[in-house]
There are 2 protein chains.
Amino acid sequence: MSENGVLSRAKVLTIDTMNPTVKKVEYAVRGPIVLRAVELERELSEGMKKPFSEVIKANIGDAHAMGQQPITFFRQVLALCSYPELLNDSTFPEDAKSRARRILQSCGGNSMGSYTASQGIDSVRQDVARYIERRDGGVPCDPDDIYLTTGASDGIVTMLKLLVCGEGATRTGVMISIPQYPLYSAALAELGAVQINYYLNEEKCWSMDISELQRALDEARRHCNPRALCVINPGNPTGQVQSRQCIEDVIRFAANERLLLMADEVYQDNVYAEGCQFHSFKKVLFEMGPEYSDTVELVSFHSTSKCYMGECGFRGGYMEIINMDDEVKAQLTKLVSVRLCPPVPGQALMDLVVNPPQPGEPSHDNFIKERTITLSALAEKAKLTEQVLNTIQGISCNPVQGAMYSFPRITIPEKAIQEAMDKGQEPDMFYCMKMLEETGICLVPGSGFGQTDGTYHFRMTILPPTDKLTILLNKVKEFHQKFTQQYS
Amino acid sequence: MSENGVLSRAKVLTIDTMNPTVKKVEYAVRGPIVLRAVELERELSEGMKKPFSEVIKANIGDAHAMGQQPITFFRQVLALCSYPELLNDSTFPEDAKSRARRILQSCGGNSMGSYTASQGIDSVRQDVARYIERRDGGVPCDPDDIYLTTGASDGIVTMLKLLVCGEGATRTGVMISIPQYPLYSAALAELGAVQINYYLNEEKCWSMDISELQRALDEARRHCNPRALCVINPGNPTGQVQSRQCIEDVIRFAANERLLLMADEVYQDNVYAEGCQFHSFKKVLFEMGPEYSDTVELVSFHSTSKCYMGECGFRGGYMEIINMDDEVKAQLTKLVSVRLCPPVPGQALMDLVVNPPQPGEPSHDNFIKERTITLSALAEKAKLTEQVLNTIQGISCNPVQGAMYSFPRITIPEKAIQEAMDKGQEPDMFYCMKMLEETGICLVPGSGFGQTDGTYHFRMTILPPTDKLTILLNKVKEFHQKFTQQYS
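All figures in this text were calculated on a predicted structure; none of them were measured in a lab. (Residues numbered from 1 in each chain as written. Chains lettered and ligands numbered in written order. Predicted model: local features only at pLDDT ≥ 70, side-chain atom pairs only at ≥ 80, totals over all residues. Heavy atoms only, no water.)

## Some details on the overall build of chain A
Scanning chain A from N- to C-terminus turns up 18 helices and 14 strands. On C-alpha atoms alone, chain A measures out to a radius of gyration of 24 Å, which is about the 23 Å that the 2.2 N^0.38 rule sets for 488 residues. Seen through its principal axes, chain A has C-alpha atoms that stretch 70 × 65 × 55 Å. The buried share among the 488 residues of chain A stands at 64%. Long-range pairs, those at least 24 residues apart, make up 71% of the contacts in chain A between residues at least 6 apart in sequence. Of the roughly 17400 Å² of accessible surface on chain A, a fraction of 49% belongs to carbon and sulfur atoms. Across chain A, 49 positive and 61 negative side-chain charges occur, with their mean positions spaced 4 Å apart. (Helix = DSSP H or I, 4+ residues; strand = E, 2+ residues; numbered from the N terminus. Rg over C-alpha atoms; globule rule 2.2 N^0.38 Å. Buried < 20%, exposed > 50% of the residue type's maximum accessible area, 1.4 Å probe, protein only. Contact = heavy atoms within 4.5 Å. Areas by Shrake-Rupley, 256 points an atom, 1.4 Å probe, with all protein chains shown as cover. Lys, Arg positive; Asp, Glu negative; His and termini not counted. Charge placed at Lys NZ, Arg CZ, Asp CG, Glu CD.)

## Let's talk about the sheet that holds strand β2 (residues 146-150) of chain B
Residues and elements named next belong to chain B. Judged by pairing direction, the sheet is mixed, and its 7 strands sit side by side in the order β2-β8-β7-β6-β5-β3-β4 without closing on themselves. Unpaired on one side and paired on the other, β2 and β4 (194-199) mark the two borders of the sheet. Sheet twist, expressed as the average angle between the axes of neighbouring strands with direction ignored, equals 25 degrees. Pairing of strand β3 (residues 172-178) with β4 involves 6 bridges; the strand directions are parallel. Bridge pairing in β4 places I176 opposite N197. Against the sheet, helix α8 (residues 183-191) makes contact with β3, β4, β5 (225-232) and β6 (260-264), and its axis sits at roughly 160 degrees relative to β3, the strand it touches most. Lying on the sheet, helix α14 (residues 344-354) is in contact with β2, β7 (298-303) and β8 (316-322); it crosses β8 at an angle near 70 degrees. (Pairing = 2+ DSSP bridges. Axes fitted to C-alpha atoms, helices over the stretch in contact; angles between N-to-C directions.)

## A word on the confidence of the model for chain A
Residue-level pLDDT values for chain A average 94, and 98% of them are 70 or greater. Segment residues 1-7 of chain A is flagged for pLDDT under 50; beyond a separation of four residues in sequence, or across chains, it makes 6 contacts in the model. (pLDDT = per-residue confidence, 0-100.)

## Some thoughts on the packing of aromatic side chains
Residue and element names in this part refer to chain A. Inspection of the entire model under this criterion finds 30 aromatic pairs over all chains. A centroid spacing of 5.7 Å and a plane angle of 85 degrees characterise the contact between F407 and F449, whose relative ring orientation is edge-to-face. You can see F407 sitting in the loop between β10 (405-406) and β11 (409-410) and its partner F449 sitting in the loop between β13 (444-445) and β14 (456-461), a full 42 residues away along the chain. Measuring from centroid to centroid gives 4.9 Å for F483 and Y487, while their planes differ by 50 degrees, and the two rings are tilted. Side by side, F483 and Y487 carry an identical accessibility label, which is buried. Chaining the aromatic ring pairs together yields one cluster made of F430, Y431, F458, F479, F483 and Y487. One residue, R459, lies across the ring of Y405, its end atom 3.9 Å from the ring centre. (Phe/Tyr/Trp six-rings, centres within 6.5 Å; stacked < 30°, edge-to-face > 60°. Lys NZ or Arg CZ within 6 Å of the ring centre and 35° of its normal.)

## Let's talk about the interface of chain B and chain A
Counting residues at the interface gives 97 residues for chain B, matched by 97 residues for chain A. Both faces combined, the contact of chain B with chain A buries some 8400 Å², and carbon together with sulfur accounts for 57% of it. At the junction of chain B with chain A, the criterion picks out 4 salt bridges. Among the ionic pairs, D154 of chain A bridges to R339 of chain B, the shortest N-O distance being 3.1 Å. Taken together, the residues that form the side of chain B that touches chain A break down as 49 nonpolar, 25 polar and 23 charged. (Buried area = accessible area lost by both parts, 1.4 Å probe. Salt bridge = Lys/Arg side-chain N within 4 Å of Asp/Glu carboxyl O. Nonpolar A, V, L, I, M, F, W, Y, C, P; charged D, E, K, R; others polar.)

## Here we look at the pattern of salt bridges
Residue and element names in this part refer to chain B. Enumeration according to the criterion identifies 58 salt bridges over all chains in this entry. For R36, the salt bridge is made with E437, and the minimal N-O distance between the two is 2.5 Å. A residue pair is termed long-range when its members are at least 10 positions apart, and R36 in helix α3 (residues 32-45) and E437 in helix α17 (residues 427-439) qualify at 401 residues. The exposure class of R36 is buried, given its relative accessible area of 17%. Given the relative accessible area of 29%, E437 is considered partly exposed. Salt-bridge contacts for E361 lead to R99; the nearest nitrogen and oxygen are separated by 3.3 Å. One end of the pair, E361, is in the loop between α14 and α15 (364-390); the other, R99, is in helix α5 (residues 94-105), and 262 residues separate them in sequence. Look at R99 and you get buried, because its relative accessible area is 6%.

## A short note on the relation of the copies chain B and chain A
When chain B is brought onto chain A, the operation consists of a screw motion whose angular component is 180 degrees and whose axial shift is 0.0 Å, with 0.0 Å RMSD remaining. Such a turn and shift between the copies fits a two-fold axis. Judged by C-alpha distance, A79 of chain B is the residue of chain B that lies nearest the rotation axis, at 2.1 Å. An overlap of 100% is found between the interface residues of chain B and their copies at the interface of chain A, pointing to a shared contact surface. (Least-squares fit on C-alpha atoms with pLDDT ≥ 70 in both.)

## Quick word on the nonpolar core
The biggest cluster of nonpolar side chains holds 80 residues, and the ones touching the most others in it are F74 and L86 of chain A together with F74 and L86 of chain B. If sequence neighbours within four positions are ignored, L86 of chain B has contacts with A79, L86 and F92 of chain A together with A79, L80, F92 and K97 of chain B. (Core = buried A, V, L, I, M, F, W, Y, C linked by side-chain atoms within 4.5 Å.)

## What to know about the domain arrangement of chain A
Residues and elements named next belong to chain A. Considered domain by domain, chain A is made up of domain 1 (31-60 + 368-486) and domain 2 (115-354). For domain 1 versus domain 2, the separation of C-alpha centres amounts to 28 Å. Taken together, the 25 residues of domain 1 in the interface contact 28 residues of domain 2. With both chains or domains summed, domain 1 and domain 2 bury close to 2200 Å², and 58% of this area falls on carbon and sulfur atoms. Contact with domain 2 buries area across many residues of domain 1, yet N398, Q401 and F449 alone supply 30% of it, more than any other trio. At the boundary of domain 1 with domain 2, the tally comes to 2 salt bridges. In this structure, R409 engages E202 in a salt bridge whose closest nitrogen and oxygen atoms are separated by 3.4 Å. Our count for the contact surface shared by domain 1 and domain 2 stands at 13 residue pairs in polar contact (both at pLDDT 80 or more). Counting only elements with at least two residues in the side of domain 1 that touches domain 2, the list comes to α15 (364-390), β10 and β14. A per-element tally of the side of domain 1 that touches domain 2 places α15 first, with 6 residues. (Domains from an automatic or database assignment. Polar contact = N/O pair within 3.5 Å; in protein donor to acceptor, adjacent residues only side chain to side chain.)

Below, the structure is given as structure tokens:
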């Protein structure tokens, strides 16, 4: 090409010549509302006048950012592992030291700076397996079926990646709940898989209906090849906790319809409502007998990011794969090896979560105390959120049985819907953007998670400290009343 | 489906029904040799008799696992960030405390357990930008062009993902060196992109020839759409350091041929040979004037895993994107947001690498001392490796100018080649597997990186401590002589 050619050079990579599947990806939890919230924070810090003094980010399950305190024991062990000189420091408790020594002994050169096995550190995977066995009342768990991951997201994307194939009418379809956590739709878009929506029943506290699963599946079979069913329990963004019966029905459905089950169980310790209890899909599967437990392919995901620890920044997690074909498992192991290994501090943290201080150990009492404080506060805030939201005319909120979110339904006046449409915005995006500008409260519109046509919602975390949450809920109330008035 | 259907259930996910692009992925650095090495270690620990007492893993650039010591200052800051109670501990130096405070202030709730911005912590990206400006003699760097990543691999895969599109003859092709680091071939296979091989010139110390680039490109244009050129400098697995002239020629080639440049510069501080110097692609690009610096799209990758720090386990890294289209950049930001954020301890570590103790600060002298010890030892081991390997008849090794690897050429007798073929193995895989079984030394066959047809190599890291490296090199010598004799 001539020098002339050089001078007239157009960009290699433009919006028209980039990967089209990437363009289709959407991720509302960090979408336009959040970008605007960050801008507003900057404007505030630069002294610009706003009708509020602070942006409150209730858009994302980011517990520490909202003031939740880390578990002391976990952080002590991480400090010891980071700087092993501290093993000589007498102010650290002995159980923290012995945990740190055990983790370091499993690391090459006794350093968290070494790569680990791609599947994760052996001893951590053994601890995870024992944790699962305790959790599930003795159902056996093989450490070889545990893969440590970079947060649960990494595991979910990896599993979907293994699964997707075919073209046109044989293209892999994956069933996801609506509302959903948008990692699923984003990953499916990127992989070019077919997203199959099944709707949760808002009238029945966001429960799963088998008839709705059947409807969604039957329709999808006309144009793709449905191969997997994703379930989030406790629910995100909807906060429901599934009953044992429901889980059994879902497993039977998956078995009958030959679907691989993906159970996103990262909120397994976030259960607040009376009468609700977390049942793992694995436990229920094994209680259903060998006809199911020997055949149904199930992958369960967990993480260090939620529950009482809330350590999102460490990107720790694991997945357990059950009844997976051996050759596929070998392919999975190969695939994860390309990215070398999950971050070691996250692996260490995952180990602590599944193997916390035991009765009799010096840190046990304080650990229990800290965990209880956090979980009680979350339970209280779940209740408070539901109660206050339900006092607002035009807002109705299902009980927040678990997880970290409320997902109330909001009535948006016809005139506001019209104005949003004119702007090319979803009505609940319009609503949330207005709330952000007027109150500094950052929520995520329901349209980012999916919802039944003609209904509108937002997702709000229950994470702010109780006093701040009270203020926030009252501001939401005030805003909603004003908004309704303005557009009536 | 009937109960009968349930009983006869076949697996949903099998080797025949999984994602075909995943099946094509290969990653030799953690391939069959390494799986066997892990088995051998287990067998040894179970008391099985072997002709060696220890498996030495010289297959992967895992510095701490080979005994390299972490930088004290880095680990002190990480411990302080993990457990901020230690900020009251008078045994920690003040500069470590002030770094830790600054990092924590940039974290939500002053906790490494919070999510950060998806692009990475603002203040860390600012420090990275200033580091790049210093490194490149003042060429400006905008923190908005910095994306923190989960190790360099994550950044490389993300960039390739943005780029790949088209079908058949318009499918995106990406030029990679042969030999290459197999992350590239693995990522391209997974994305279904076309891998375009250009061969490094072994006779000229693994340098890049523009005529070879042209040949590879011209041939590729007949069947795909070449859009990017990947360069690793200093080289992996080949250990060469590119001259400034070579880099300029490569940039001109990329400009003329409209290729996006991806510069893998993770070994930028690993340069040992006299007369060799690291030149960043960005610096050379900007020295070539606005005709180039205003137009050529360049992405450069760095990591916490190599150089004098060798902190692979933390999975820290960054990429700088230069001249990228604004809309594409927005798409990149969206794409990385789906995975929430890179691990925060890795981000903190990246910050320390680009902003280490300064002259006058309490930790400065010790930092310089530790860094010098590590880099001098690596330089010594690079020399030692080259020298000993070149004393072996049938092995010839280019100078290890930089990075952490030697990639010697080995002569394999015809009879051994025949035996390997009969087993369906690559001859150098056969050689390395035999070496592992007889000596416990774990290397990676050249075929895992690619090589000119009919030539054979292995990659060996220079990381073991000098005394162990000497033993290892002598064992390689002994093995090679015996192997040659046996098959002559």
